[in-house]
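Listed here are the chains, written in short residue letters.
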Amino acid sequence: MFRYLPEQASKIAPSVDWLHNWITDLSVLFTVAICGAMVYFAIRYRKRDGVDHETPRIEGSNFLEVVWTVVPTLISIWVAYYGIVIYQDMREGENEALVINAVGKQWIWEFQYENGKQTVGEFVVPVNRPVKVVLTATDVLHSFFVPAMRIKKDAVPGHYTSVMFTPVKTGTYHTFCTEYCGTNHSGMLAKLNVVSEAEYERWVNDRSDDLAKLSMTPAKLGAKLYSDKGCVACHSLNGTRLVGPSFLKLYQQDGRKLADGSEVKFDEKFSVEEYIRESILHPAAKVVESYPNGLMPAFDGQLSDGELKGLIAFIKEQDGSAPAQEEEPASEDMTAKLAAMSLEELGQFHYESKACNGCHSLDGSQIVGPSFKGLYGKKGELADGTEYVADDAYIQESIWDPNAKIVKGFQPNLMLQTYKDQLKERDIQGIIAYMKTLQ
Ligand code: HEC
Ligand code: HEC
Ligand SMILES: [Cu+2]
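Just so you know, the residues in each chain are numbered from 1, in the order the chain's sequence is written. Chains and ligands are labelled by the order in which they are written, letters from A for the one and numbers from 1 for the other. Residue-level local features of this predicted model are given only where pLDDT is at least 70; pairs of side-chain atoms are given and counted only at 80 or more, and the full residue set underlies all totals for whole chains, interfaces and linings.

Here we look at the overall build of the chain
Then step 1. Helix and strand counts for the chain come out as 12 helices and 14 strands.
Then step 2. A radius of gyration in this sense is built from C-alpha atoms; the matching globule rule multiplies 2.2 Å by the number of residues raised to 0.38. At 30 Å, the chain has a C-alpha radius of gyration far larger than the 22 Å of a compact globule built from 439 residues.
Then step 3. Based on the C-alpha atoms only, the size of the chain along its principal axes is roughly 95 × 65 × 55 Å.
Then step 4. Partly exposed residues are those falling between the two cut-offs: more than 12 but fewer than 20 other C-beta atoms within 10 Å of their own, whereas 20 or more means buried and 12 or fewer means exposed, with C-beta atoms placed from the backbone. Classification of the 439 residues of the chain by burial places 21% in the buried group.
Then step 5. In the chain, the proportion of contacts linking residues at least 24 apart, taken out of those at least 6 apart, comes to 63%. Numbering of helices and strands runs from the N terminus; a helix is a DSSP stretch of H or I covering at least four residues, while a strand is a stretch of E covering at least two. Here contacts are defined at the residue level, using C-beta atoms placed from the backbone and a cut-off of 7 Å between them.

Regarding the packing of helix H9 (residues 343-353) against helix H12 (residues 425-436)
Then step 1. Working convention: axes come from line fits to C-alpha atoms, limited for helices to the stretch in contact. Angles between N-to-C directions cover 0 to 180 degrees. In the contact formed by H9 and H12, the axes pass within 7 Å of each other and the chain directions differ by 95°. As summarised for this structure, H9 and H12 are arranged roughly perpendicular, according to the angle between their axes. Of H12, the residues touching H9 (which contributes Leu343, Glu344, Leu346, Gly347, Gln348, His350 and Tyr351) are Asp427, Gln429, Gly430, Ile431, Ala433, Tyr434 and Met435.
Then step 2. By residue class, the composition of the contact of H9 with H12 is seven nonpolar, five polar and two charged. Roughly parallel here means an angle under 35 degrees, roughly antiparallel means over 145, roughly perpendicular means 65 to 115, and every remaining angle is called oblique. Classification used: nonpolar for Ala, Val, Leu, Ile, Met, Phe, Trp, Tyr, Cys and Pro, charged for Asp, Glu, Lys and Arg, polar for all others including Gly.

A look at the pairing of strand S7 (residues 151-155)
Then step 1. Across five bridges, strand S6 (residues 142-146) lies against S7 in antiparallel orientation. Bridge assignment links valine 146 to a residue of S7, and that residue is isoleucine 151.
Then step 2. Turn length for the S6-S7 hairpin, with the two strands adjacent in sequence and antiparallel, is four residues, and the turn residue arginine 150 shows positive phi of about 60°. Strands are treated as partners if at least two bridges between them are detected by DSSP.

Examining the site of ligand 1
Then step 1. Cys231, Cys234, Gly244, Pro245 and Met296 are the nearest of the 24 residues found near ligand 1.
Then step 2. Counting residues per element, the shell around ligand 1 draws most heavily on helix H6 (residues 272-281), which supplies three residues. Each residue receives a C-beta atom built from its backbone; the residue is near a molecule or strand if that atom lies within 6 Å of it.

Focus on the site of ligand 2
Then step 1. Ligand 2 sits among 27 residues. The nearest are Cys356, Cys359, Gly369, Pro370 and Met415.
Then step 2. The element that contributes the greatest number of residues to the shell around ligand 2 is helix H10 (residues 392-400), accounting for three residues.
Then step 3. Tallied by class, residues from the shell around ligand 2 come to 20 nonpolar, six polar and one charged.

Observations regarding the domain arrangement of the chain
Then step 1. These domain limits were set by an automatic method or by a database of domain assignments. For the chain, the domain assignment lists domain 1 (13-90), domain 2 (98-206), domain 3 (213-317) and domain 4 (332-436).
Then step 2. A straight line from the C-alpha centre of domain 1 to that of domain 3 covers 62 Å.

So, the nonpolar core
Most often, soluble globular proteins have nonpolar side chains that are buried together.
Then step 1. Each nonpolar core reported here comprises buried Ala, Val, Leu, Ile, Met, Phe, Trp, Tyr and Cys residues connected via C-beta atoms within 7 Å. With 32 residues, the main nonpolar core has Ala102, Val133, Met149 and Phe165 as its most contacted residues.
Then step 2. Take this core: its biggest share by element is four residues, from strand S5 (residues 131-137).
Then step 3. Counting contributing residues, this core receives three or more from each of domain 1 (13-90) and domain 2 (98-206).
Then step 4. In contact with alanine 102, other than residues within four places in its own chain, are Trp109, Phe111, Val133, Val134, Leu135 and Phe144.
Then step 5. In terms of nonpolar packing, the next biggest core, distinct from the first, is built from 17 residues, Leu375, Ile428, Ile431 and Met435 among them.

A few points about the packing of helix H1 (residues 13-44) against helix H2 (residues 62-90)
Then step 1. The N-to-C vectors of H1 and H2 enclose an angle of 165°; their axes lie 10 Å apart at closest approach. Considering their axes alone, H1 and H2 lie roughly antiparallel with respect to each other. Where H1 crosses over H2, the handedness of that crossing is left-handed. Taken together, the residues of H2 that come into contact with H1 (itself represented by Ser15, Val16, Leu19, Ile23 and Leu26) are Ile75, Val79, Tyr82, Gly83, Ile86 and Asp89. Note on convention: near helix rotated counterclockwise from far helix by under a right angle means a left-handed crossing. Clockwise means right-handed.

Focus: H2
Then step 1. Expected span, for any helix, means 1.5 Å times one less than how many residues it has. An ideal rise of 1.5 Å per residue puts 42 Å on 29 residues; H2 measures up with 42 Å between its terminal C-alpha atoms.
Then step 2. For H2, the buried fraction is low: one of the 29 residues fall into the buried class.

Examining the sheet that holds strand S3 (residues 118-120)
Then step 1. Sheet architecture is open: five strands sit in the order S3-S2-S1-S5-S8, paired in mixed fashion. Edge strands, defined here as strands with exactly one partner in the open sheet, are S3 and strand S8 (161-165). Direction aside, neighbouring strands of the sheet carry axes that sit 25° apart on average.

A short note on the environment of leucine 225
Then step 1. Tracing the backbone through its elements, the reader meets leucine 225 in helix H5 (residues 218-228).
Then step 2. What makes leucine 225 buried here is the crowd of 20 C-beta atoms within 10 Å.

Quick notes on the pairing of strand S2 (residues 108-112)
Then step 1. Residues of S2 alternate between two faces, with Trp109 and Phe111 buried on one and Ile108, Glu110 and Gln112 left unburied on the opposite face.
Then step 2. Pairing of strand S1 (residues 98-105) with S2 involves five bridges; the strand directions are antiparallel. By the bridge assignment, alanine 102 is partnered in S2 with phenylalanine 111.
Then step 3. Between S1 and S2, which pair antiparallel in sequence order, lie two residues.
Then step 4. Where S2 lies against S3, three bridges are found, and the strand directions are antiparallel. Directly across from glutamine 112, in S3, lies its bridge partner glutamine 118.
Then step 5. Between S2 and the antiparallel strand that follows it, S3, lie five residues; glycine 116 among them carries a positive phi value of about 95°.

Printed below as a string of structure tokens:
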């Protein structure tokens, strides 16, 4: 009855499911039997035609009482017994298991391997080898949940807990946080890649990314993070106002006006470095004048000290002395390449290259603007209360003149206003064709 469980990707999964299904079936059986009897008696012996259909009064039946005590007790013992047996199977191979340390923080999972390799939001394990994940948390309670592996365990600040599994199938699986841990709890995901032993060895010993980071100058590292961490979607380098203030000459200022009307001065007590550092880790602490609070994600816990220093060095470099980053004129090569793309490919290309992806998701979630999922053809409401249908003309207008119509629940001036020069008719058709694939 009711078989709805996810893919079985670990050795233990079939036995977990077997017990789970037994418990569910038994619960359904008892629910139906007990509620069924209740309903039956209520109807059968109801008061009708003014006559009480009184039932016979039965007092004490040793037989019945023994049955309804002994049967549930045996069932509970049976469930507990298999619970223990399967739990023990789960810990099998603990001594030769591959150990991975996982740390939950608002709102990421960070993984560390025995050779020091570190990853965020993704981890890789070899197939058919027991894996032990040692869990802890830095801020609040989190819970580590990989449904396909049938494992789930709390990650507790100041404690170490562990879970074990032996993957039996290669593939990519989802890891969730299943303990409500704040605003972005639902975004606290990680990818689990199960690969062959050889591929795993190659992956875990490939430290080129770490080494590249180590050998970069701080400003170079900052430049890489500026795009890797998505700052680029909200902060320009040339003075243009995007979602947030431009980084141009930010470092050279001697103070900031804040949204609450006050002003901070940068001096020995509160340096501009300190201000930038705080703005990155806790954006809500000081909100810049004319910008809404809550748009910038807090990067607390997501950047190492070296990475923060890199970002600050990079922001410091934006002093206007570097030649303005001209948009490269499209080379002939590129023009030919774009012309050869199908409309859908062209749309996807623009979605990624024109930074739409910084503000519009593909999965229905809201970043800065509405998701592109299901957008094409949708009926909605504008901020002024009128209704609209997202047809071709509306989408073209939304891109060329974003402030012409503002979707209800969103602010004007957030979406970039510069697309009219960059995206011509065929590009718009491409974006529309691409949106049609996102229903
Ligand atoms: C989703 C959009 C968004 C992203 C992504 C984002 N920011 Fe911001 N940022 C803002 C907004 C809006 C403000 C202004 C409001 C405020 O002060 O919180 C801001 C303010 C700042 C400030 C203060 C600016 C000033 O002029 O005083 C700094 C520094 C900053 N962000 C750095 C970063 C860095 C570094 C990253 C990437 C690691 C980043 N931001 C990612 C939206 C964003
Ligand atoms: C800096 C953030 C940002 C970027 C980048 C951005 N948008 Fe938007 N977009 C928004 C916001 C906010 C809204 C909602 C307010 C409005 O209606 O203007 C929006 C609205 C839209 C709408 C109307 C959505 C609806 O539900 O009716 C379309 C279509 C759209 N954007 C397309 C694009 C395309 C295509 C790109 C890339 C070429 C893009 N946007 C880049 C922020 C952005
Ligand atoms: Cu969490």
